[in-house]
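Residues per chain are reported as follows:
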Amino acid sequence: MKVKSIIFAVVLSAFSLTASAQGVVMKIGYTNVEYILSQMPEAKQVDSEFKAYEAQLQNQLQSKGTELQTKLQEYQQGAATMTDLVRADKEAELQSLNQRFEAFQREAQTSLQKKQGELYAPLFEKIGNAVKAVRTENGFDMIFSTGVPGVDILLDADEKYDVSDLVFKKMGITPPAKLN
């Protein structure tokens, strides 16, 4: 991912040099989408809803894990006195229970990711719409994303090009005070 960012920076630099040689002035800004998301009032509700869903799945997973562990302990304690037929039956039961536990684990993870997407998609859409409106209304040619390690496409920029406060205002949120 860093290679793509470096290549992008080189291409952008070359494009900028060509544009400036031709007398074209580009207006570029950047913002930190994760920071904006963290300051949105509705994000707290979404976070709470997601954590409640996650806790519900975690409780179900823990319950199934406890059941599996209990049955395994019972088997281990009584295995020496079981007939071959009973032992084989218990082993098959344990194997089936373990497979169901692992399947539930995978399904829970998939469900959690899906729920996260469903809950956060409207917030990211709202931010995206605000960024687009800020770009259009303020005459920016481009607005880059920063602040997400591994996903940054802007390696460095002067703070005067940070459009985060404009995005906050566009969404009707009072921009947080800057920490110096």
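In case you missed it, the structure is sitting above this.
Each value, and the rule that gives it
- Residues numbered from 1 in each chain as written.
- Predicted model: local features only at pLDDT ≥ 70, side-chain atom pairs only at ≥ 80, totals over all residues.
- Heavy atoms only, no water.
- Helix = DSSP H or I, 4+ residues; strand = E, 2+ residues; numbered from the N terminus.
- Buried < 20%, exposed > 50% of the residue type's maximum accessible area, 1.4 Å probe, protein only.
- Contact = heavy atoms within 4.5 Å.
- Areas by Shrake-Rupley, 256 points an atom, 1.4 Å probe, with all protein chains shown as cover.
- Salt bridge = Lys/Arg side-chain N within 4 Å of Asp/Glu carboxyl O.
- Phe/Tyr/Trp six-rings, centres within 6.5 Å; stacked < 30°, edge-to-face > 60°.
- Expected span 1.5 Å × (residues − 1).
- Axes fitted to C-alpha atoms, helices over the stretch in contact; angles between N-to-C directions.
- Parallel < 35°, antiparallel > 145°, perpendicular 65-115°, else oblique.

Enquirer: What's the story with the overall build of the protein in this structure? I'm lost.
Expert: Each helix and strand in the protein was counted, giving five helices and two strands. Going from N to C terminus, the protein has its helices and strands arranged as α-β-α-α-α-β-α. A burial count over the protein gives 24% of its 180 residues as buried. Contacts in the protein between residues at least 24 apart in sequence constitute 78% of all its contacts with a sequence separation of at least 6. Of the accessible surface of the protein, which amounts to about 12300 Å², a share of 55% is contributed by carbon and sulfur atoms.

Enquirer: Explanation requested: the pattern of salt bridges in the structure shown.
Expert: For side chains of opposite charge, pairing can occur when their charged atoms come near one another. For the coordinates displayed, the defined rule picks out four salt bridges. Of the charged contacts, one joins Lys-126 and Glu-42 as a salt bridge, the two residues approaching to 2.8 Å between their closest N and O atoms. Remark: Glu-42 occurs in helix H3 (residues 41-78) and Lys-126 occurs in helix H4 (residues 84-137); sequence separation between them is 84 residues. On the basis of relative accessibility, which here comes to 27%, the residue Glu-42 falls in the partly exposed class. Between Lys-170 and Glu-137 there is a salt bridge, with its nearest N and O atoms 2.7 Å apart. Residue Lys-170 is located in helix H5 (residues 164-170), and its partner Glu-137 is located in helix H4; the two are separated by 33 residues in the primary sequence. Overall, the relative accessible area of 37% leaves Lys-170 in the partly exposed class.

Enquirer: When you look at the environment of Met-82 in this model, what are you seeing that I'm missing?
Expert: Tracing the chain through its elements places Met-82 in the loop between H3 and H4. Discounting residues that sit within four places of it in the chain, Met-82 has contacts with Glu-74, Tyr-75, Arg-87 and Lys-90.

Enquirer: Got a minute to help me understand the packing of aromatic side chains in this structure?
Expert: Within a pair of aromatic rings, the relevant descriptors are the distance that separates the centres and the angle that separates the planes. Applying the stated criterion across every chain yields a total of two aromatic pairs. Measuring from centroid to centroid gives 5.8 Å for Tyr-35 and Phe-168, while their planes differ by 80°, and the two rings are edge-to-face. Residue Tyr-35 is found in helix H2 (residues 33-39), and its partner Phe-168 is found in helix H5; the two are separated by 133 residues along the sequence. By relative accessible area, which is 0% here, Phe-168 ends up buried. Ring geometry for Phe-50 against Tyr-120: centres 6.4 Å apart, planes inclined by 70°, an arrangement best described as edge-to-face.

Enquirer: Which parts of the structure should I look at to understand H3?
Expert: Here H3 spans 56 Å end to end across 38 residues, near enough to the 56 Å set by a 1.5 Å rise per residue. Residues of H3 that are buried include every one of Ala-43, Val-46, Phe-50, Leu-57, Leu-61, Leu-68, Tyr-75 and Gly-78, and no others. The inward-facing, buried residues of H3 contact H2 and H4.

Enquirer: Would you explain the packing of H3 against H4 in this entry?
Expert: Helices that pack against each other are described as a pair by the angle of their axes relative to one another and the distance between those axes. Contact geometry of H3 with H4 gives a least axis separation of 10 Å together with a crossing angle of 175°. As the angle between them shows, H3 and H4 are arranged roughly antiparallel.

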